[in-house]
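Spelled out from the first residue to the last, the chains are:
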Amino acid sequence: MAKLADGLYGAVSAALNGPAEEIERSRFERSIVDKYPNISVIDVVDVVRAIQRIINNITLAISFVGLFVLLSGILILAGSLAMTKFQRVYETAVLKTLGAKRKTLLRILLAEYGLMGLVAGVIGSAAGAGLSYAASRWVFEIPWSFTAAINFGGVAATVALMTVVGAISTFDVLSRKPLATLRAQ
């Protein structure tokens, strides 16, 4: 038992708050190892730097994927608006023929794009929250919390983006004369 207390057969873990400078820290570690050759010295600063480098790389990868998804979504949005533009032109021509004013048509289009943005934002927010919960719970095994401000802000940004892009893409639709459109059909 006395030998165990002396540290010959047991392992003891201790932490020291050593010098902050790297050269002084290396000298300090060397002096400990020289004085006590059976002690292993692990520089925690190097371990923390390695972990921080890994976390920074993961953060960069996640940011890159997020940016890629955002840009892909914008391209898909622009493509879907371009595909339905002819339908909007025809609908607008019919409504103009029936007596709808330009202001009324603009409100209809903005409400439609706003509703599409709301649906897309809610679906995206729900999917993002679900994926973050799954990653937190089963991959990283850390506590998860719902951040309402970020989710509702994302939904609001999606509604705004969809409404603005939709309004810009259909602005020329409102200025077309209905007769030429209806004759082409």
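Residues numbered from 1 in each chain as written. Predicted model: local features only at pLDDT ≥ 70, side-chain atom pairs only at ≥ 80, totals over all residues. Heavy atoms only, no water.

A short note on the side chain of Arg-25
- Along the polypeptide, Arg-25 turns up in helix α2 (residues 22-35).
- Every residue in contact with Arg-25, bar those within four places of it in the chain, is listed here: Pro-19, Ala-20, Asp-43, Val-45 and Arg-49. (Helix = DSSP H or I, 4+ residues; strand = E, 2+ residues; numbered from the N terminus. Contact = heavy atoms within 4.5 Å.)

Examining helix α6 (residues 148-169)
- Helix length check: α6, at 22 residues, gives a terminal C-alpha distance of 31 Å against a target of 32 Å (1.5 Å per residue), a fit within 8%.
- Within the span of α6, buried status applies to Asn-151, Val-155, Met-162, Thr-163 and Gly-166. Projected down its long axis, α6 carries its buried residues within an arc of 105°, all on one side. The outward face of α6, more than 90 degrees from its buried face, is lined by the exposed residues Ala-149, Ile-150 and Ile-168.
- Against the buried residues of α6 lie α3 (44-83) and α5 (102-139). (Expected span 1.5 Å × (residues − 1). Buried < 20%, exposed > 50% of the residue type's maximum accessible area, 1.4 Å probe, protein only. Arc of directions from axis to C-beta.)

Structural notes on unusual backbone geometry
- Located in the positive-phi region is Glu-141, a residue other than glycine, with phi close to 55°.
- Considering the arrangement of structural elements, one finds Glu-141 in the loop between α5 and α6.

Some words on the packing of aromatic side chains
- All told, the structure shown has three aromatic pairs when counted by the stated rule.
- Aromatic pair Tyr-133 and Trp-144: ring centres 5.3 Å apart, planes at 85°, arrangement edge-to-face. Taken together, the positions of Tyr-133 in helix α5 and Trp-144 in the loop between α5 and α6 put the pair 11 residues apart, joining distant regions of the chain.
- Here Tyr-133 falls in the partly exposed class, since its relative accessible area comes to 31%.
- Relative accessible area serves as the criterion here: at 32%, Trp-144 is assigned to the partly exposed category.
- Summarising the aromatic geometry, the rings of Trp-144 and Phe-146 are spaced 6.4 Å apart at their centres and angled 55° between planes, so their arrangement reads as tilted.
- Given the relative accessible area of 45%, Phe-146 is considered partly exposed.
- Grouping aromatic residues by their ring pairs yields a cluster made of Tyr-133, Trp-138, Trp-144 and Phe-146. (Phe/Tyr/Trp six-rings, centres within 6.5 Å; stacked < 30°, edge-to-face > 60°.)

Re the environment of Thr-181
- As for its position among the elements, Thr-181 is in helix α8 (residues 178-184).
- In this structure Thr-181 comes out as buried when scored by relative accessible area, which is 12%.
- Each C-alpha atom of the pair Thr-181 and Phe-86 lies 9.6 Å from the other, and the pair is 95 residues apart in sequence.
- With residues near it in sequence (within four places) discarded, Thr-181 still touches Val-89, Tyr-90 and Ala-93.

Brief notes about a nonpolar patch on the surface
- A cluster of nonpolar side chains, namely Tyr-133, Trp-138, Val-139, Phe-140, Ile-142, Trp-144, Phe-146 and Phe-152, defines an oily patch on the protein surface of about 900 Å² accessible area.
- Per-element accounting of the nonpolar patch gives the leading share, three residues, to α5. (Patch = residues over 30% accessible without salt bridge, like charges linked within 9 Å, V, L, I, M, F, W, Y side chains within 5 Å. Areas by Shrake-Rupley, 256 points an atom, 1.4 Å probe, with all protein chains shown as cover. Salt bridge = Lys/Arg side-chain N within 4 Å of Asp/Glu carboxyl O.)

Digging into the packing of α5 against α6
- Their axes nearest at 7 Å, the elements α5 and α6 cross at an angle of 145°. The interaxial crossing formed by α5 with α6 has right-handed handedness. Of the residues in α6, those touching α5 at Leu-110, Tyr-113, Gly-114, Met-116, Gly-117, Leu-118, Ala-120, Gly-121, Val-122, Ser-125 and Ala-129 are Asn-151, Val-155, Thr-158, Val-159, Met-162, Thr-163, Gly-166, Ala-167 and Ser-169.
- When grouped by side-chain class, the residues that make up the contact of α5 with α6 number 11 nonpolar, nine polar and no charged. (Axes fitted to C-alpha atoms, helices over the stretch in contact; angles between N-to-C directions. Left-handed = near helix turned anticlockwise from the far one by under 90°. Nonpolar A, V, L, I, M, F, W, Y, C, P; charged D, E, K, R; others polar.)

Considering the confidence of the model for the protein chain
- Residues with a pLDDT of 70 or more make up 91% of the protein chain, whose mean pLDDT is 82.
- Element-level pLDDT for the protein chain is lowest in helix α1 (residues 2-6), with a mean of 45, against a maximum mean of 89 in α6.
- In this model residues 1-11 is a low-confidence stretch, pLDDT under 50, and it forms four contacts with partners more than four residues away in sequence or in other chains. (pLDDT = per-residue confidence, 0-100.)

Considering the nonpolar core
- Counting seven residues, the largest nonpolar core consists of Leu-77, Leu-81, Leu-105, Leu-109, Tyr-113, Met-162 and Leu-174.
- Secondary structure elements with two or more residues in this core: α3 and α5.
- The element best represented in this core is α5, accounting for three residues.
- Setting aside residues no more than four positions away along its own chain, Tyr-113 makes contact with Leu-81, Arg-88, Met-162, Thr-163, Gly-166, Ala-167, Ser-169 and Thr-170. (Core = buried A, V, L, I, M, F, W, Y, C linked by side-chain atoms within 4.5 Å.)

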